[in-house]
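Chain residues, written in single-letter form:
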Amino acid sequence: MIDIRPLRDRRDFSRFIDYAYTRNAHDPKWVSPLRLGERDRLNPKKNPFFAHADVQLFLATDGDRVVGRIGAIDDRLHNETHKDNIAMFGFYEADDAEGTRLLLAAAERWAKDRGRAALRGPINPSLHDSCGVLIDGFDTPPMLMMPHNPQSYPAFIESAGYRKVKDLFAWLYELGQPLPEIVTRLAARQRERLRLRVRPIDMSEFMREADRLRELYATAWEANWGFVPPTVEEFRHIAKEMKPIFDPRFAVVGDVDGRMVACAVALPDINQALPGTDGRLFPKGLIKLLRRKRYIDQGRLLLFGIDRMYRAQGLLPLLLMEMNAQANGGPYKRVEFSWVLEDNMDVNRPAAEHGARLYKTYRIYQKALL
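Rules and cut-offs
Residues numbered from 1 in each chain as written. Predicted model: local features only at pLDDT ≥ 70, side-chain atom pairs only at ≥ 80, totals over all residues. Heavy atoms only, no water. Buried < 20%, exposed > 50% of the residue type's maximum accessible area, 1.4 Å probe, protein only. Helix = DSSP H or I, 4+ residues; strand = E, 2+ residues; numbered from the N terminus. Pairing = 2+ DSSP bridges. Right-handed = clockwise from strand over helix to strand, strands pointing away. Polar contact = N/O pair within 3.5 Å; in protein donor to acceptor, adjacent residues only side chain to side chain. Contact = heavy atoms within 4.5 Å. 1 Å grid on protein atoms, 1.4 Å probe; cavity = no way out; pocket = protein on both sides within 12 Å on 5 of 7 lines; lining within 4 Å. Points joined across faces, edges and corners; volume = space filled by probe spheres on them. Expected span 1.5 Å × (residues − 1). Phe/Tyr/Trp six-rings, centres within 6.5 Å; stacked < 30°, edge-to-face > 60°. Lys NZ or Arg CZ within 6 Å of the ring centre and 35° of its normal. Disulfide = S-S within 2.5 Å. Nonpolar A, V, L, I, M, F, W, Y, C, P; charged D, E, K, R; others polar.

Enquirer: Would you take a moment to explain the pairing of strand β14 (residues 334-341) for this structure?
Expert: Each regular strand shows side chains that alternate between the opposite faces of the sheet. Burial analysis of β14 places 8 of its 8 residues in the buried class, which makes it a mostly covered element. Summarising the sheet, strand β13 (residues 298-306) and β14 pair through 4 bridges and their orientation is parallel. Bridge pairing in β14 links Leu301 to Phe337. Regarding the hand of the β-α-β motif, the stretch spanning β13, helix α10 (residues 316-327) and β14 is right-handed.

Okay, here's the thing in structure tokens:
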């Protein structure tokens, strides 16, 4: 008999965190995230997301054994922004389809009790974090802050009555490849015509730069499906978490008359250093992490945006060209553009045209709550 219950105490919380590591332990492509980071992500005292959202975590157990977990999420800011009436589910893991059905049913009841009309996910806990379930591209490990799951998960979720609402793409771009001469000429012309100054992030004013990036990100993405502008506190929290691994060679911004109008910000793929740590820094995980950091040769472009006034100017090739130039001679060989909405032709089309390869797809599901 599978029992579904809300978390009751610290022991339940630890079992909720630990189950993901147990469930995926035998998948050679799964990367153990740092357990401390996973705990902090679900801690209302440490994650500013909880200022505008309520989260209820559930465990599925069979006797003394954990066989699944899920989080039910009610993000008030999402519903206010989109004039919507939905809840989310996230942090989903399960042994089988039956456990999945029972976990989702518990999340559905919780959402219905709050008056919500649909449940969407996986979203962990917002689109600024990891989201979606991997549906193809299982042959390579995930990059920083991207999910990886058993191949059975899409079928498990669909068997509970959920249907696709949106696919998310991940593109892989090899750095160092020459751009066509016509592209470089057009990029140079655009820079001169727009009086665009392309530069690296100023690390001496990191938090001020982060605030400017948030303003650009909020305006550049405002029309995108499901997008909720991060609060100042949320974005600064993310920036502080990312600063220790940030490499200014891997990020470019574009200014016009001192105003930031474009950005392409990638982070080194710390996932390359995490295998074998089991998500623990102590006693030996930190040593492994420090030893492997020098082998990181790829990154994830997780923040890309162009001010709407400049969106039709074709700035992606220029940003790629400058990122190539900055990273030249460094350790980085490739960068992943992720995630990108399946219908975002402003990114998907030029990514394909300039040599990127679509190599992973993630899916977000939704179900009406009758």
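Enquirer: For this particular structure, what's the right way to read the side chain of Arg116?
Expert: Take Arg116: it is sitting in the loop between α4 (97-113) and β5 (118-121). For Arg116, a relative accessible area of 18% puts it in the buried group. In this structure the side chain of Arg116 is engaged in a polar contact, spanning 2.9 Å, whose partner is the side chain of Asp74. Look past the residues within four positions of Arg116 in its chain and what remains in contact with it is Asp74, Asn79, Asn85, Ile86, Ala87, Ala111 and Leu369.

Enquirer: Sorry if this is basic, but what is going on with the layout of surface pockets here?
Expert: Regions of empty space are outlined by a rolling probe, equal in size to a water molecule, passed over the atoms. In this model, the second largest pocket occupies a volume close to 1000 Å³. Taken together, 49 residues form the lining of the second largest pocket, with Trp221, Leu302, Leu303, Phe304 and Gly305 sitting closest to its centre. Of all the secondary structure elements, the ones that give two or more residues to the lining of the second largest pocket are α7 (206-220), α8 (232-242), β12 (259-268), β13, α10, β14 and α11 (345-353).

Enquirer: In this structure, what is going on with α4? I would like to understand it.
Expert: Given 3.6 residues per turn, any residue in an α-helix points the same way as the ones three and four places further on. Taking 1.5 Å of rise per residue, the 17 residues of α4 would be expected to cover 24 Å, and the 24 Å separating its terminal C-alpha atoms lies within 8% of that figure. The distance from a side-chain oxygen at the start of α4 to the backbone nitrogen of Glu98 is 3.3 Å, and the residue carrying that oxygen is Asp96. Two residues or fewer past α4, Gly115 is found with a positive phi of approximately 85 degrees.

Enquirer: Help me out: how do you make sense of the packing of aromatic side chains in this one?
Expert: Centre distance and the angle of the planes are the two values used to describe a pair of aromatic rings. Scanning the entire structure with this criterion turns up 13 aromatic pairs. Between the aromatic rings of Phe49 and Phe50, the centroid separation amounts to 6.1 Å while the plane-to-plane angle is 80 degrees, which identifies the pairing as edge-to-face. When the ring of Tyr173 is compared with that of Phe337, the centres are 5.8 Å apart and the planes differ by 25 degrees; the resulting orientation is stacked. Pair noted here: Tyr173 is in strand β9 (residues 163-174) and Phe337 is in strand β14, with a separation of 164 residues, a long-range link. Here Tyr173 falls in the buried class, since its relative accessible area comes to 0%. The class of Phe337 is buried, set by a relative accessible area of 4%. The side chain of Arg35 reaches across the aromatic face of Tyr21, ending 3.8 Å from its centre.

Enquirer: Quick question: what am I supposed to make of the state of the cysteines here?
Expert: Here, the word disulfide means a covalent bond between the sulfur atoms of two cysteines. Using the criterion set out here, one finds 0 disulfides in the structure. Counting only cysteine sulfurs, Cys263 is the nearest neighbor of Cys131, a cysteine outside any disulfide, at a range of 18 Å. Of the residues examined, Cys131 reaches a relative accessible area of 1% and is grouped as buried. Among the residues examined, Cys263 registers a relative accessible area of 1% and is labelled buried.

Enquirer: So what exactly am I meant to see when it comes to empty space enclosed by the protein here?
Expert: Per the counting criterion, the structure on display carries 2 cavities of 30 Å³ or more. If you add up the space inside the largest cavity, you get close to 130 Å³. Asp75, Ser126, Leu127, Gly226 and Val228 are, among the 16 residues lining the largest cavity, the residues nearest its centre. Of the residues in the lining of the largest cavity, the class split is 8 nonpolar, 5 polar and 3 charged. Put simply, the second largest cavity is a space of about 30 Å³. Lining the second largest cavity are Leu127, His128, Tyr217, Trp221, Trp225, Gly226, Phe227 and Trp339. Its residues placed into classes, the lining of the second largest cavity shows 6 nonpolar, 2 polar and no charged.

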